[in-house]
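This is what each chain is made of:
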Amino acid sequence: MSLAAPTIDSGVLDELRAILGEDGAVLTGRSARLNRARVPAPFPVHRWAEHVPDVVVLPRTAQQVSEIVKLANRQRIPVVPRAGGTGLADGAVPLRGGILLDVKRMDQIKEIDMADRTVTVGPGINMQTLNRRLKRYGVMYPDDPASYACSLVGGRIGTSGFSLLGGRYGHTRDLVISFEIVLPTGEIIEVGDGGARKVRKSSTGYHLKQLFMGHQGTLGVVTEATLELVPRAETEFAAFFLFQDYDTAHRTFGELARSGLATLAGVVIFDPEKVAYLRRDDEAYLSQPEWVHAVTAASLYGTRVEVEAASKVVMALGRSLGGKYIGDEISSGDWAARHDRYANPLHGRASDGQVVPMSWHCEDAALPYSQLPAVQREWHAIAARYVSKYEIFDDWGMFAYTNGAHKPWGDVLVEIDMGLWEERLDEDGWRAFVSLKREIAQAALDHGGSLTACHGSTREGDAELVPIEMGASWEVVKQIKRTLDPLNIMNPGKQMLDEAYADQETTA
Amino acid sequence: MSDDDFRPGRYRRQDESPPPAQRVTDEVIMRFEHVYEVDPALMGRHFAQQDMPAWDTQRIVAARWDHLNDVHSEFADGITLAGEGPDV
């Protein structure tokens, strides 16, 4: 691949080196730039060079980040923040080159406060690393995405992430108490529920934390976060139930979600296409009877006295409509395998059955619980049209998960997993992928849903629908963006926010 | 020392040949109990294939169990089970 030399002039590179003041903190080499161009989601590999940043910087302090952002404003150079680069919506993918600001060196644990039950960290720390340090104190930070072992706190705030234990402990927005952010013009501010760093509930002023939560790098760079510390659970419990049909599994999902069990971490459902996909080669599902076409599972966390009592309720509800228990061994093993999608090489099937390397496209949405069966049918009908027309796609089935923190009964995170054969990708295939995404996203809106429950809507295909979902409030969103980022420096081109600058000349 | 003398950890090539595959489904075979593999006939066109010594398969399986045990201990100190086998 031919790769253009950095378009940033040497004077700017010298200024960046002066700001950072250490060797290896300003990178212009080919591998440093290419490796920070994409995320795990399907990527237009035939146009890789279009997404390569001009320079990579690795700051250690908020003051350095502030000076970099101020320099970018003076020179009108885009800045794209990047944490783990594990997101599925291209928030960390540069669209117009510029400065890629990688926060991985900001990975310190700054304070563990056992009195007020908080931990303060840099945005570059990983949750698994953090929890292994916290274990000796008998506490944990229970933000548990599928990317648990590789995503970073800064990216979790950037996407307003979803935790697989969210029903019990809350999601990223509930677990981050406050954070420091460098605004697009370089000022350093702290945002929370009010202005205090360690207070969970306040009625002072506007709740700016939630404005910046899920900012996808378009409103600044998070440089520090104060997080919740939760007592480690004494025990966990998981149970998987098998069903002949999706409708019964869906109704059982509802029974479990409405159980009122305070220890309920989440309820999940696999649809028939997901079960068929798992039957291809998954050790837990190869041996299941032919009549199995759907799965519902629930998990619990808490004290032993709570979980043991609640587990009996889960077992009764799981069987109440005819579900069959899968057994202890697969239940506990499958629950522990919940992060696998970020660890295993992914493969799909070509139309002749041959195994082919595929990247993983996971389109998510948030839906009212009642709409799940209808959307399940519509999404697979959309997917089937593309699979039959293009060799590059493979339908890997759908799953849904309880969505509300502490209130798991009303809405669901729903995802359709699809394989995409990137080696065969050309512009025609990429356009098909974008069109597929748009149709899936539109169906979610048509059923009263939201475009995304956890990934964000910064990718081509669903980003165009953000103004439609936001309705009249889209004008307010654009005013906020333009007020905070007058030159459109921060991650330009994302989420249709360029519309905020339609009447002025900007950098991006 | 003859080939029959046992020493822990000693590499003997004849011990490292995986046993013959048993067919599990149209797409899956099994060489070791509960260790499933996609049928190599489906893999060869797009993935380079290699002979896998038995110890390497066993290493991967052991690492998998290590990983699952680690995940269990990330957020909880113990595991509660229903105490039941499968209903079917």
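Refer to the structure printed above.
In this text the structure is predicted, and so the values were computed from the model without any measurement.

A. Geometry of the pattern of salt bridges. Residue and element names in this part refer to chain A. Within this structure, the stated rule accounts for 46 salt bridges over all chains. Its salt-bridge partner being Arg 17, residue Asp 14 comes within 3.3 Å of it at the nearest N-O pair. Here the residue Asp 14 and the residue Arg 17 both occupy positions in helix α1 (residues 10–20), the gap between them amounting to three residues, near one helical turn. Judged by relative accessible area, which is 46%, Asp 14 ranks as partly exposed. You can call Arg 17 partly exposed: its relative accessible area is 39%. Across the salt bridge formed by Glu 111 and Arg 197, the nearest N and O atoms sit 3.8 Å from each other. Taken as a pair, Glu 111 in strand β5 (residues 109–113) and Arg 197 in the loop between β9 (188–191) and α8 (208–212) lie far apart in primary sequence, 86 residues in all. Members of the salt-bridge network, linked through shared partners, are Arg 47, Glu 50, Glu 427, Arg 431 and Glu 460.

B. Up close: the pairing of strand β6 (residues 118–121) of chain A. Residue and element names in this part refer to chain A. Burial along β6 is two-sided: the face carrying Thr 118 and Thr 120 and the face carrying Val 119 and Val 121 are both buried. Two strands pair when backbone bridges link them, and β5 and β6 are joined in this way by four bridges, in the antiparallel orientation. Looking at the pairing, Glu 111 lines up with Thr 120 of β6. As paired elements, β6 and strand β10 (residues 221–228) share four bridges and run antiparallel to each other. Counted as the bridge partner of Thr 118 is Glu 228 from β10.

C. Geometry of empty space enclosed by the protein. Residue and element names in this part refer to chain A. Evaluation of the coordinates by the stated rule reveals three cavities of 30 Å³ or more. Reported here for the largest cavity is a volume of approximately 70 Å³. Leu 88, Glu 363, Lys 437, Gly 456 and Asp 462 are, among the 13 residues lining the largest cavity, the residues nearest its centre. Top element by residues in the lining of the largest cavity is strand β18 (residues 359–368). It accounts for four residues. Of the residues in the lining of the largest cavity, the class split is three nonpolar, five polar and five charged.

D. Spotlight on the interface of chain A and chain B. Listed per partner, the contact involves 53 residues of chain A and 36 residues of chain B. Carbon and sulfur atoms supply 53% of the area that chain A and chain B bury against each other, a total of about 3700 Å² over both sides. For the chain A face of the interface with chain B, the top three residues by lost area are Glu 236, Asp 328 and Gln 354 of chain A, together amounting to 16%. At the boundary of chain A with chain B, the tally comes to seven salt bridges. Across the pair Arg 45 of chain B and Asp 352 of chain A runs a salt bridge, and its minimum N-O distance is 2.5 Å. Across the chain A-chain B interface, the total number found is 27 residue pairs in polar contact (both at pLDDT 80 or more). Put simply, the parts of the chain that give the side of chain A that touches chain B at least two residues each are α4 (127–134), β12 (235–243), α10 (272–281), α11 (304–319), β15 (324–325), α12 (328–336), β16 (347–349) and β17 (355–357) of chain A. Here the residues of the side of chain A that touches chain B sort into 22 nonpolar, 11 polar and 20 charged.

Parameters and conventions
- Position numbers for residues start from 1 in each chain and track the written sequence from start to end.
- The lettering of chains begins at A and the numbering of ligands begins at 1, in the order of writing.
- Side-chain atom pairs in this predicted model are given and counted only at pLDDT of 80 or more, local residue features only at pLDDT of at least 70, and totals for whole chains, interfaces and linings cover all residues.
- The basis for the side-chain values is all heavy atoms of the structure; hydrogens and waters are excluded.
- We count a salt bridge whenever a side-chain nitrogen from Lys or Arg sits within 4 Å of a carboxyl oxygen from Asp or Glu.
- By the criteria applied, helices consist of DSSP H or I runs no shorter than four residues and strands consist of E runs no shorter than two, each listed in order from the N terminus.
- The rule is simple: take the accessible area with a 1.4 Å probe, protein chains only, and divide by the maximum for that residue type; under 20% is buried, over 50% is exposed, in between is partly exposed.
- Any two strands with at least two DSSP-identified bridges between them are counted as paired.
- Within this scheme a cavity is a closed region of a 1 Å grid, computed over the protein atoms alone, that accommodates a 1.4 Å probe without allowing it to escape, whereas a pocket is open but has protein on both sides within 12 Å along at least five of seven lines; lining residues each have an atom within 4 Å of a point.
- Grid points are joined across faces, edges and corners, and a volume is the space filled by probe spheres set on the points.
- We call Asp, Glu, Lys and Arg charged. Ala, Val, Leu, Ile, Met, Phe, Trp, Tyr, Cys and Pro are nonpolar, and the rest, Gly among them, are polar.
- Here a residue-residue contact requires only that any non-hydrogen atoms of the pair lie within 4.5 Å.
- Note on definitions: buried area is the accessible-area loss of two parts on being combined, 1.4 Å probe, summed for both.
- Here a polar contact means two N or O atoms within 3.5 Å. Within protein one must be a hydrogen donor candidate and the other an acceptor candidate, and residues neighboring in sequence count only if both atoms are side-chain atoms.

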